[in-house]
Amino acid sequence: MNDNVLEKLKTLAESAKYDVSCASSGTTRGHTKGTIGSTSGWGICHSFTEDGRCVSLLKIMLTNYCMYDCAYCINRRSNDIKRATLSVSELVELTIEFYRRNYIEGLFLSSGVVRNPDYTMERLVRVVKDLRLVHRYNGYIHLKSIPGASQELVNEAGLYADRMSVNIEIPNEASLKRLAPDKNFQSVLQPMQYIQQGALQSLEERKRFRSAPRFVPAGQSTQMIVGATPDTDKDILNLSSYLYQRPTMKRVYYSGYIPVNEYDNRLPALKQPPLVRENRLYQADWLLRFYQFSVDEIVDSSFPNLDLEIDPKLSWALRHPSQFPVDVNVADYELLLRIPGVGVKSAKLIVTSRRFGRLSSWQLKKMGVVMKKAQYFITCNELPMHTINELTPERVRALLTNGTRKVDDAQLLIPFTY
Amino acid sequence: MVVFRYDRSFEGLLTAVFDAYAHHEFPDMLLGEADTPPLFFDEMVRIYTDSEKSTRVWNGLKRRISESALYMLPDAWLSELPGVDMLLFKYMRKAIDAPCSIELNFGDADVMELLKIWKSVDKERLRVIQFVRFQKTVDGMFFACVEPVYNVLPLVLDHFKDRFHDQKWLLYDVKRDYGFFYDERVTTEVHLDAKQWDENGRLNEDSAATDELFFQKLWKGYYSSMTIKERINPRLHRQNLPVRFWKFLPEKRK
Ligand code: SF4
């Protein structure tokens, strides 16, 4: 290893950084004798970039040469950028040495497509196989599958990776074809299907033989670019919700479009990546996954885009004043989750502690309820009756958005940690 | 006012609980060996730490609260916060006196306060796990300095033992001047007289492995390339990665 590797590492990190998913969660695996490393259920961020993103995995491409020409991608064939390729042994050594110094939780490996999908996929498989079998590496591996790779190779990769992903990137097939002429939904959904089949089959087999090999134990994920096409939040969230219905789909990531190829006029000219919209989509995603909301409650044809000014839960609440106020001392858990300012944790705390006596607003605050928001939507022991019904939704909205500091992001702000 | 004087150890605190129940006398104030007593007090009780007594209190608590609540006590103790001993004393007393487990009564101020302290300790524990940066030494050991606000080193050993069980490592708390050495089998508490590192925890040149600086350089290069300039957010950055850790992180060094 020498400074040449340093240059390659920088180039390939530059090329890989726009993939937002960095989760290393989903598998808990203690060490076994003769191996290096472990994975811990929630994943650990070992550093944070200056843009605030979690650095958990060594996120890198094997090569940034690519034969495709996707309009939104910095590595597209027609771009004149620095190109590099790491050898399998360089990549393996980097992973192990970074891992042993506690810099990373593991490896997130992807690649541009060279020669053909299978040729590329095969080299990716060689890296993970080498890490696992030769170097007895037991840490986390996330492998990005190459669109169009064969089922055999996906199946082999799945034996060594903790998680696999295939990025859908554009939430609408017509837009995808326009921007990425070499891809279509089929080339993305097919490998997703292979991963799912492999995982379900392995689960089945492990029921019968405990020693049957695991297959992507942390499931799969995907990513959509937001703001590169005219698609609405309704399009995006409907696709997410459809993907979440698939048994192994663990996470959908949203990536505010960063104009890396400004010259391409198929893409909008944005001054700034749509970060607020991206954040709202993550919040909506959480409502789908943890707050028992259905997608039609969050967006529908009369309300196709999320409100940028307030979070999607508050927005739902303001559109449904008749559901409030909720009495925190008696309401079901599901109903507590619907209160703006009440998170999963505080809802659980409320349910367990109200058995010891009626709760007051002071106690709610202590449990992490954001009273600034929640006060308009609840009744508890002593609260005055200034709820949404007396004040009207418009007034509550005005009170909560009233120029000053945004209170509203505290509750649901999603760091890129899980 | 009743004052208990003890040796400011966790065992000593458990002994104090034992003695209080044995003599039906409860402290209004806890003092360490060297602390000056207040101007007026009615009685000063001397506590002699006794492992049999402390074990009995511990086992008694085991029957009254769940294991996760139980281990919050020594964890909170490691916060070293002023007054945490009195809080723990009150909490244990409530746990012993209450007819059913108190741990879920978040309406109770002491329960909530203990939970809060435990959470901060746990957060610091997690941060150490996140931000430890090992450096390889000439003899192939992995060394890291830490300087946590709370005394959390004992709480991270299991994690590092599990993850790096096939490498020798040494974690050193420079603030409290002690550490733990793992020899691929067990961890031992150590105190180092000769410090072979600078004020930023960097190993001296002749103590570090030959390729150590190169890997730091690689990591730093990687880290800088990962930043997306269009999204820079210094406030969020500092919130996630508190400045007090920076000096130990190769990627944040100049
Ligand atoms: S195939 Fe992947 S790497 Fe290649 S241009 Fe498209 S998005 Fe970029």
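Residues numbered from 1 in each chain as written. Chains lettered and ligands numbered in written order. Predicted model: local features only at pLDDT ≥ 70, side-chain atom pairs only at ≥ 80, totals over all residues. Heavy atoms only, no water.

**Re the overall build of chain A**
Part 1 of the reasoning: Helix and strand counts for chain A stand at 17 helices and ten strands.
Part 2 of the reasoning: Here the C-alpha atoms of chain A give a radius of gyration of 23 Å, agreeing with the 22 Å that 2.2 N^0.38 yields for 418 residues.
Part 3 of the reasoning: Dimensions of chain A, computed from the C-alpha atoms along their principal axes, are close to 70 × 55 × 40 Å.
Part 4 of the reasoning: The 418 residues of chain A split such that 62% are buried.
Part 5 of the reasoning: Restricting the contact set of chain A to residue pairs at least 6 apart, pairs at least 24 apart contribute 69%.
Part 6 of the reasoning: Within the structure as shown, chain A displays about 16800 Å² of accessible surface, and the carbon and sulfur contribution to it stands at 52%.
Part 7 of the reasoning: Each charge sign in chain A was given a centre, from 54 positive and 44 negative side chains, and these centres are 5 Å apart. (Helix = DSSP H or I, 4+ residues; strand = E, 2+ residues; numbered from the N terminus. Rg over C-alpha atoms; globule rule 2.2 N^0.38 Å. Buried < 20%, exposed > 50% of the residue type's maximum accessible area, 1.4 Å probe, protein only. Contact = heavy atoms within 4.5 Å. Areas by Shrake-Rupley, 256 points an atom, 1.4 Å probe, with all protein chains shown as cover. Lys, Arg positive; Asp, Glu negative; His and termini not counted. Charge placed at Lys NZ, Arg CZ, Asp CG, Glu CD.)

**Points about the domain arrangement of chain A**
Residues and elements named next belong to chain A.
Part 1 of the reasoning: Domain boundaries in chain A define domain 1 (3-298) and domain 2 (312-411).
Part 2 of the reasoning: Domain 1 and domain 2 are separated by 37 Å when their C-alpha centres are compared.
Part 3 of the reasoning: Across the boundary between the two partners, domain 1 contributes eleven residues, which contact 13 residues of domain 2.
Part 4 of the reasoning: When domain 1 packs against domain 2, close to 1100 Å² is buried across both sides, 52% of that on carbon and sulfur atoms.
Part 5 of the reasoning: Taken together, domain 1 and domain 2 are joined by one salt bridge. (Domains from an automatic or database assignment. Buried area = accessible area lost by both parts, 1.4 Å probe. Salt bridge = Lys/Arg side-chain N within 4 Å of Asp/Glu carboxyl O.)

**What to know about the pattern of salt bridges**
Residues and elements named next belong to chain A.
Part 1 of the reasoning: All chains considered together, the criterion is met by 41 salt bridges over all chains.
Part 2 of the reasoning: Note that D285 and R289 form a salt bridge whose closest N and O atoms lie 2.8 Å from each other. Of this pair, D285 and R289 are both found in helix 8 (residues 275-290), four residues apart, which corresponds to roughly one turn of the helix.
Part 3 of the reasoning: Judged by its relative accessible area of 0%, D285 falls in the buried class.
Part 4 of the reasoning: Each of D69, R76, D264 and R266 takes part in one network of salt bridges that share partners.

**Here's the deal with the site of the ligand**
Part 1 of the reasoning: Residues in close proximity to the ligand include C66(A), Y68(A), C70(A), C73(A), R76(A) and K183(A), which together make up its full environment.
Part 2 of the reasoning: Here the shell around the ligand is built from residues that sort into four nonpolar, no polar and two charged. (Near = heavy atom within 4 Å. Nonpolar A, V, L, I, M, F, W, Y, C, P; charged D, E, K, R; others polar.)

**A word on helix 4 (residues 84-97) of chain B**
Residues and elements named next belong to chain B.
Part 1 of the reasoning: If you check helix 4, its first and last C-alpha atoms are 20 Å apart, about what 14 residues at 1.5 Å a residue would give, namely 20 Å.
Part 2 of the reasoning: Three or more residues of helix 4 are buried, namely V84, D85, M86, L87, L88, F89, Y91, M92 and A95.
Part 3 of the reasoning: Looking at the buried residues of helix 4, the elements they touch are helix 1 (10-23), strand 2 (29-31), helix 2 (51-64), helix 3 (67-77) and helix 5 (109-131). (Expected span 1.5 Å × (residues − 1).)

**Things to note about the domain arrangement of chain B**
All names here are of chain B.
Part 1 of the reasoning: Parsing chain B into structural domains produces domain 1 (2-124) and domain 2 (132-252).
Part 2 of the reasoning: Measuring from the centre of the C-alpha atoms in domain 1 to the corresponding centre in domain 2 gives 33 Å.
Part 3 of the reasoning: Together, the buried faces of domain 1 and domain 2 total about 790 Å²; carbon and sulfur atoms form 61% of this surface.
Part 4 of the reasoning: Counting the surface domain 1 buries against domain 2, the share from its top three residues, L78, E80 and E124, is 67%.
Part 5 of the reasoning: Counting every contact that joins domain 1 to domain 2 gives two salt bridges.
Part 6 of the reasoning: One salt bridge connects R176 with E80, and the closest N-O pair in it is separated by 3.2 Å.
Part 7 of the reasoning: Applying the counting rule to domain 1 against domain 2 returns four residue pairs in polar contact (both at pLDDT 80 or more).
Part 8 of the reasoning: No other element matches helix 5, which puts three residues into the side of domain 1 that touches domain 2. (Polar contact = N/O pair within 3.5 Å; in protein donor to acceptor, adjacent residues only side chain to side chain.)

**Re the confidence of the model for chain A**
Part 1 of the reasoning: Per-residue confidence for chain A gives a mean pLDDT of 87, with 92% of residues at or over 70.
Part 2 of the reasoning: When the criterion is pLDDT under 50, residues 404-418 of chain A qualifies, and its contacts beyond four places in sequence or with other chains add up to 41 contacts. (pLDDT = per-residue confidence, 0-100.)

**Notes on the packing of aromatic side chains**
Part 1 of the reasoning: Scanning all chains against the criterion turns up 27 aromatic pairs over all chains.
Part 2 of the reasoning: Measuring from ring centre to ring centre gives 6.4 Å for F134(B) and F142(B), while their planes differ by 80 degrees; the resulting arrangement is edge-to-face. The exposure classification of F134(B) matches that of F142(B), with both residues buried.
Part 3 of the reasoning: Here the aromatic rings of F143(B) and W197(B) are separated by 5.1 Å at their centres, their planes lie at 35 degrees, and the arrangement is tilted. Taken together, the residues span a long stretch of sequence, with F143(B) in strand 5 (residues 142-146) and W197(B) in the loop between strand 8 (187-190) and helix 7 (212-226) at a distance of 54 residues.
Part 4 of the reasoning: These aromatic residues form a ring-pair network of at least three members: Y99(A), Y137(A), F134(B), F142(B), F160(B), F164(B), W169(B) and Y182(B).
Part 5 of the reasoning: R251(A) extends its terminal NZ or CZ atom over the ring of Y253(A), reaching a point 4.6 Å from the ring centre.
Part 6 of the reasoning: The side chain of K252(B) reaches across the aromatic face of W246(B), ending 4.2 Å from its centre. (Phe/Tyr/Trp six-rings, centres within 6.5 Å; stacked < 30°, edge-to-face > 60°. Lys NZ or Arg CZ within 6 Å of the ring centre and 35° of its normal.)

**Focus on the sheet that holds strand 4 (residues 106-110) of chain A**
Residues and elements named next belong to chain A.
Part 1 of the reasoning: Strand order in the open sheet formed by six strands is 3-4-5-6-7-8, with parallel pairing between adjacent strands. Either end of the sheet is taken by a strand with one partner, and the two such strands are strand 3 (57-61) and strand 8 (249-256). Within this sheet the neighbouring strands show an average axis-to-axis angle of 20 degrees, counted without direction.
Part 2 of the reasoning: When strand 5 (residues 140-144) meets strand 6 (residues 163-165), the two strands line up parallel, connected through three bridges. (Pairing = 2+ DSSP bridges. Axes fitted to C-alpha atoms, helices over the stretch in contact; angles between N-to-C directions.)

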